Amino acid sequence: MTGEQWINFLRQYGPIPTKDNLYDENLRRRSRKTGIPQILFAHPYEERVKSCFSAEALPGSVILTGTAGDGKTFLCGRIWEHLNGDPAQWARQDTHLTLSIAMPGTANRPARALTLHVLRDLSAWVPLQGSEWPAEKLTLMMQLCQSFFDAQANDIFLVAANDGQLGETLRRLPSSSEIQKAKETVEELLVSNRERLDGVFLSLFNLSRGSSAQLFDLALDAFISHEGWQRCREGANAQNQLFGSECPIRRNVELLSEPLVRKRLRALLELCDQNDLHVPIRQLLILLTNAVLGHSSDQVKDRLMTAADVPRVIAAGERGLASLYSNVFGGNLPEGRRSNTAIFEYLERFQIGRETTNRIDNILIFGESHERLQEQFDALIKADSFYGADSTYVAARRAYIEGNDENNDASEEFLKLLVAQRQALFFKIPDREVEEVKLWNLTVFRFGGEYLDYVLEPLRSQKTVRRGLLGRIVKGINRIFTGMLISSENELYVASSASLSQSRVSRFLEERISVAAKHTGERVELLFNGRRPVLRVSMGSGRTADFLMTLTRYEYLSRVAEGAMPSSFSKECFEDVMTFKSQLMRELQGRDGQATRDGEVTFTTLEIDTTGVARERHIAVLL
Amino acid sequence: MNYTPTTKTPTPTVADRERESMWLEEKFWGHRLWDQQSPWLTFLEFLCVGASAYRAGHLFDFDKSQYPSEYTAFGRVHLRNILFNNEQHIGRIAESTGDNATAWAKWLAWIEGNARGLDAGQRAFGYLRERFESFHDFATLVKALRSCIVEGDTNKRWSSRFIFPFGPAAIFEDLSIKDEVPARDYVNFGRSGELLYHMLARSALREQLSAIFPTRVLNGNNKWNLLVERLQPATAESGARRGVATFLPYDAHPIFDLIAEDWVHLLHLRLPGFDVIPYLVTSGTFGLLLYQLHTSGRIAGGISKPSMICEVVAPKKGLVRELSIESFEENSFLSVDALEKLISSAETHPAWNAQGSPTDRLNSRRSVLEDLFRWSDEKQVNDPEDLLKQFRLEAKERHRRHFGQVHRSFGRGVGLVSRRGTNRFRYAPTDHFLRCLVFASVRKRVEFSELLAHLYERYGLVFGEREAEDAKSEQGIDKKPFQQNALRLEHRLSSLGLLKRLSDACAYVENPYADQS
């Protein structure tokens, strides 16, 4: 393997059009043919899936589900090898394979011989939509469903399918109570994020529920430590050749190895997880490959550089177009391809490059000659001879500032460069300056950094979240619950209009719930469910209501608390908070019974004064 | 499909025909579906019947729903004077008069001089003073109740305004108050609500409904109902007899069961307080729309379940919009087709072609039309051949003005039919309507494509390609626009917090209020 061959091989991992279901097979074949090892790392689920087939395991079938690129087929292959299946048989591409496995006996179970059916790609195996089930496939499906409920089943299964196909396939089977039960079981496992249910002999692993951030760590390590890079370094012989000192590919690989770049990228992926956006392995490899090889010129095929592109790009002064900082967001790709690639579509939602502050733009535009900003400009932009202030940037900036340009071309050009520089700053601003520069204002999630460092981090290490942050969440919720700019953060105000709980403005107080724990059992706290923060409201007498946090919900509530009422920011969040209010009211009503005292009924109206303090007034009606 | 005609039908002499010139739509669809009645007014009228039956201990009782069924409705004229007759006055007095006793005196003097619909003996409001701690409290709560006016934005006379139905004390009928005497009026309460009641009372689920409905809707023991009750004098009103002329021609009908199932489902949701009511309102009138449509299709011939192609509003016009307009127009025309068929049926009557002199024949035909449709030409027609023509002309004209509008007007009322972005009506559901569908038909959760299939199967609503292919099987459709339509629906449901996407291949619609048990 030469460096050049490695780069050619690597391009296959990039955002180039491929046939989805052949992806893993194609790479394997290519790897075998060229002798270049694939980018491999232990799949986080591998050990858990293997253990399902060990002697101590609970008996039953296994379903691997997840999005395209999560490594379902790959894992099936690993299990096949693990159980001593014939590699030649696997290579033949059959969609249904069988294997006899001997299950050694245990204290409670005699030794048995089982038949394992492997369906490595369910969608390729089931008959086409609209056509009939062939008898033998139907029988096999019935066996699959039966195996879920029979501890003694002699035929067990290992099935790889994405969740949509899985549900669809089960729905297409002729209806019977067993199939209905199987369908409900799978659905329950999928929706509730569990792997097993009591009394059901099925383990379902949803690979899309794994942490993208953890996968990123694994993928990045495997990527950077691939021996291909060593070949590149060894082969570098001239400044302007692949991996020469001027080579952008080399620079990008180095950048990717820098702890700060890694940290920020990982933070974005962690936040994707917190917004329910799962990034599969294939997408991570696309991200890394594109980050390193990307170039936004049409001259570069598929916008991914080869070794041959390197000298030309350097000669043309187009090194800036290979910037890792833009490639990470798919900035080198045409709009259509970018928005069709999940990872770039997800990262696009952060709007990095388009969001900014005066402070940051001042550094970028006036920093060079500004007394106070100069130091930062020098460190962050000038010092970067690759992707910082090159001559193109300096010229465009001058034209923009002087504004002697009749048509707007030059300023538009500069604004484009500005986007790239802002993207770069997101990865360059050192940790010690994050708060001062307000790094997260470069993204649409201004509270993103805080969410990671002061909410997720303490919760993960079983500490409490700062009171002020919890208070802000409560304040945001109060404003939505009441429709008034209330400023209280020590109590949760549950209010309604007289008739409906869902009115925008609610002037009748149903109940106040103390944030600090009270002897009645009332309290509001942020807990952790293993994946996400959860706001739990306890109302006493064992009644609670939970509100699951996402990054978007946290951002929304924080912004509402800070004074904005961004009803357009997310209608969905508003609806979610209102649904939570309904749940709370339901629980409160269940707790109270009727709010009548002998001889009178009372109403509590809610008004706020100019400082946002809530004033209550009690009105009694005598019976 | 079980359409069982009722055996107890009104005879011409018994029927209070309310100046109607014929008994045509009334005979086959009922007396009557009233196009000018909004979903809320329908529901409030329904509640008048329901509350009365509940008081008498026979809520949703099948036998008591048979013709002629009666109920007692209340006017609650004191309450309505306080809430709606010169609304500003209470607030003005409360603000301008610091002293409690003076404020009461001022207002009582005013109301006792200006209250309407009450005779001299009834015009006393002094009871209020003992029930509130201050006039200011009274004014605040009256203001709160006024903020709960049903359809508050329409400019109606004060005797046709209604407050939210907090409980039995807040349920009253529409009145016209002339010359101090309140009288029942059929403009706002046109009997659609009465029919809705009878449909539910004749549905298969009537017993379940009668068990759960009062606990969620007619429960008087909540503070708002108690407040409304305290605004009224202690002596109970005797009420007025209503509903004798109401007539529903079926004892069983698939739509009766459909509405009842949806209601039972809605009533079991874990919604707090009164939140279920707006969904009952929408679902009830949507049921009436389906009843009108399905019955029309059946009479017109062979169409057991008309489909409705719905556009989830797209930024620009496209195939789905065109087809939804077409589908709406076809469906609107079904009742006209049905009518035509009914009118023509006179010609197959044995007496229609009786032999004899032209005068004999004319008289014989007159008696056929009198017999079938209670219509008389009032001796205006001379030629027996012109008689049916004249009848058809009058029938269609009347149909066009009211019954023929039911489909459109109910559809708009519930948020199914809209003209948004076009100048023609089509099916383009609102968020509230979509939410109502999910609440009424999703038990806990259902996969998105299953929901589409279910909405088609149950209501005839078409959103996605598979359903469109089935509904338009005779001509075939382009799938792509319907895929996009379904995608837009998915986004809408997701923005309403009702849809959870598991992956790019799988999404579930979830009912957040589903009964957990």
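Parameters and conventions
- Residues numbered from 1 in each chain as written.
- Chains lettered and ligands numbered in written order.
- Predicted model: local features only at pLDDT ≥ 70, side-chain atom pairs only at ≥ 80, totals over all residues.
- Buried ≥ 20, exposed ≤ 12 C-beta atoms within 10 Å, placed from the backbone.
- Helix = DSSP H or I, 4+ residues; strand = E, 2+ residues; numbered from the N terminus.
- Contact = placed C-beta atoms within 7 Å.
- Pairing = 2+ DSSP bridges.
- Axes fitted to C-alpha atoms, helices over the stretch in contact; angles between N-to-C directions.
- Core = buried A, V, L, I, M, F, W, Y, C linked by C-beta atoms within 7 Å.
- Domains from an automatic or database assignment.
- Nonpolar A, V, L, I, M, F, W, Y, C, P; charged D, E, K, R; others polar.

**Q** What should I look at first to understand helix α12 (residues 248-257) of chain A in this one?
**A** All names here are of chain A. With respect to burial, α12 is a largely interior element, seven of its ten residues being buried. Among the residues making up α12, those that are buried are Pro 248, Ile 249, Arg 250, Arg 251, Asn 252, Val 253 and Leu 255. Buried residues along α12 sit in contact with α11 (227-235), α13 (259-274), α14 (281-293), α15 (309-315) and α16 (324-327).

**Q** Looking at this structure, how should I read the sheet that holds strand β14 (residues 499-503) of chain B?
**A** By definition, the strands of a sheet pair up through backbone hydrogen bonds, in either a parallel or an antiparallel sense. All names here are of chain B. Across the sheet, three strands lie side by side as β12-β15-β14; this open sheet has antiparallel pairing. Edge positions in the sheet fall to β12 (445-447) and β14, since each has one partner strand and no second. Neighbour-to-neighbour, the strand axes of the sheet open up by a mean angle of 25 degrees, direction not taken into account. Relative to strand β15 (residues 506-510), β14 is paired through four bridges, and the arrangement is antiparallel.

**Q** Would you take a moment to explain the nonpolar core for this structure?
**A** Nonpolar side chains in soluble globular proteins tend to be buried together. Counting residues in hydrophobic clusters, the biggest one holds 187 residues, and the most contacted among them are A:Leu64, B:Leu200, B:Cys310, B:Val462, B:Phe463 and B:Val509. With eleven residues, the top contributor of residues to this core is helix α11 (residues 277-301) of chain B. The residues contacting B:Cys310, other than those within four sequence positions of it, are B:Ser324, B:Tyr427, B:Ala428, B:Pro429, B:Leu461, B:Val462 and B:Phe463.

**Q** Help me out: how do you make sense of unusual backbone geometry in this one?
**A** For residues other than glycine, phi is negative in most cases, and the peptide bonds are mostly trans. Each neighbour pair has its own omega, and for B:His31 with B:Arg32 the value is -15 degrees, a cis peptide bond. Tracing the sequence through the fold places B:Arg32 in the loop between α1 (25-28) and α2 (39-55). The peptide bond linking B:Tyr67 to B:Pro68 adopts the cis configuration, its omega dihedral lying at -10 degrees. Relative to the helices and strands, B:Pro68 resides in the loop between α2 and β2 (71-73). The backbone phi angle of A:Gln93 is positive, close to 75 degrees, even though this residue is not glycine. As for its position among the elements, A:Gln93 is in the loop between α5 (87-91) and β2 (96-103). A:Gln93 gets classed as exposed once you count the C-beta atoms within 10 Å, which come to 11. One non-glycine residue, A:Ser541, lies in positive phi territory at about 45 degrees. Mapped onto the secondary structure, A:Ser541 falls in the loop between β9 (533-539) and β10 (544-548).

**Q** So what exactly am I meant to see when it comes to the domain arrangement of chain A here?
**A** Buried accessible area, meaning the area lost when the parts come together, often serves as the stated size of an interface. All names here are of chain A. Under the domain assignment, chain A is made up of domain 1 (46-209), domain 2 (211-348), domain 3 (358-442) and domain 4 (474-622). Every contact between the two is made by twelve residues of domain 2 and, on the other side, ten residues of domain 3. For the side of domain 2 that touches domain 3, the elements supplying multiple residues, two or more each, are α12, α13 and α16. Here the side of domain 2 that touches domain 3 takes three residues from α13, the largest share from any one element. The residue inventory of the side of domain 2 that touches domain 3, partitioned by class, reads five nonpolar, four polar and three charged.

**Q** I'm lost on the interface of chain B and chain A in this one. Help?
**A** At the interface, 38 residues of chain B touch 36 residues of chain A. Of all elements in the fold, only α6 (135-146), α9 (223-230), β12, α19 (479-495), β14 and β15 of chain B reach the threshold of two or more residues within the side of chain B that touches chain A. Here the residues of the side of chain B that touches chain A sort into 19 nonpolar, eight polar and eleven charged.

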